[in-house]
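# Inside the fold
Listed below, chain by chain, are the residues.
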Amino acid sequence: MASEEEDIKYFVRIRNTDLDGTKSVRVALTGIPGVGRHSAGIIARRANVGERETMGRLDDDSIERLRGAVDGYAETVPAWMLNRIRDVYSGESRHVLGTDLQLTHDEDVNLLRKIRCYRGIRHETGQKVRGQRTKSTGRTGATVGVRRKKD
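Residues numbered from 1 in each chain as written. Predicted model: local features only at pLDDT ≥ 70, side-chain atom pairs only at ≥ 80, totals over all residues. Heavy atoms only, no water.

### Some remarks on the pattern of salt bridges
Inspection of the entire model under this criterion finds 12 salt bridges. Among the ionic pairs, aspartate 7 bridges to arginine 57, the shortest N-O distance being 3.3 Å. Note that aspartate 7 is positioned in the loop between α1 (2–6) and β1 (11–14) and arginine 57 in the loop between α3 (37–46) and α4 (60–71), a separation of 50 residues in sequence. Judged by relative accessible area, which is 51%, aspartate 7 ranks as exposed. A salt bridge links aspartate 60 to lysine 9; the nearest nitrogen and oxygen atoms lie 3.1 Å apart. Residue aspartate 60 is found in helix α4, and its partner lysine 9 is found in the loop between α1 and β1; the two are separated by 51 residues along the sequence. A relative accessible area of 56% places aspartate 60 in the exposed class. Where salt bridges share partners, they join Arg84, Asp87, Arg94 and Asp108 into one cluster. (Salt bridge = Lys/Arg side-chain N within 4 Å of Asp/Glu carboxyl O. Helix = DSSP H or I, 4+ residues; strand = E, 2+ residues; numbered from the N terminus. Buried < 20%, exposed > 50% of the residue type's maximum accessible area, 1.4 Å probe, protein only.)

### Describing the pairing of β1
Burial along β1 is one-sided: the face carrying Val12 and Ile14 is buried and the face carrying Phe11 and Arg13 is not. Across four bridges, the pairing between β1 and strand β2 (residues 17–20) is antiparallel. Directly across from phenylalanine 11, in β2, lies its bridge partner aspartate 20. Between the antiparallel neighbours β1 and β2 lie two residues, among them arginine 15 with a positive phi of about 55 degrees. (Pairing = 2+ DSSP bridges.)

### Let's talk about the packing of helix α6 (residues 99–114) against helix α7 (residues 118–125)
Viewed as axis vectors pointing N to C, α6 and α7 meet at an angle of 110 degrees, and their least axial separation amounts to 7 Å. Judged by the inter-axis angle, α6 sits roughly perpendicular to α7. Contacts between α6 and α7 pair Val109, Leu112 and Arg113 from the former with Arg119, Gly120, His123 and Glu124 from the latter. (Axes fitted to C-alpha atoms, helices over the stretch in contact; angles between N-to-C directions. Parallel < 35°, antiparallel > 145°, perpendicular 65-115°, else oblique. Contact = heavy atoms within 4.5 Å.)

### Points about the packing of α3 against α4
One way to put it is that α3 packs onto α4 with a least axis distance of 8 Å and a crossing angle of 125 degrees. The orientation of α3 relative to α4 falls into the category oblique. As for how α3 packs across α4, the hand of that crossing is right-handed. Within the contact between the two elements, α3 uses Ile43, Ala44 and Arg46 and α4 uses Leu66, Ala69 and Val70. When its residues are assigned to classes, the contact of α3 with α4 shows five nonpolar, no polar and one charged. (Left-handed = near helix turned anticlockwise from the far one by under 90°. Nonpolar A, V, L, I, M, F, W, Y, C, P; charged D, E, K, R; others polar.)

Take a look at the structure:
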């Protein structure tokens, strides 16, 4: 039993992300920003790796196949499964992964602020953006509770 625990790699690096080697392949792949449960299953099947195998027990060849499957994910799935359909800047559909996802999100928010649309202004002021009610929830700062009117 001790020898089984010694040969496990606790961290597997894919797309500049350290993945947990103690979890199954499908769950560990969701640690990459931009990869969800469904796309993790597709990536594992494309790489011919068992979804339920432990990530840290895979050999180097399997990990390389996983890296290739993650990099080629956008070419192997239909356009509706991508997370960036008809990009604003380039006009083409692509799937953004890893640190590029956060950078792309920040660019989108900055564009909204720049064109001074309603959502951009809400982002600037730190208020709710998607139409939620703000009368009683979403309060920040020192305002807590309800104040009574003085007679």
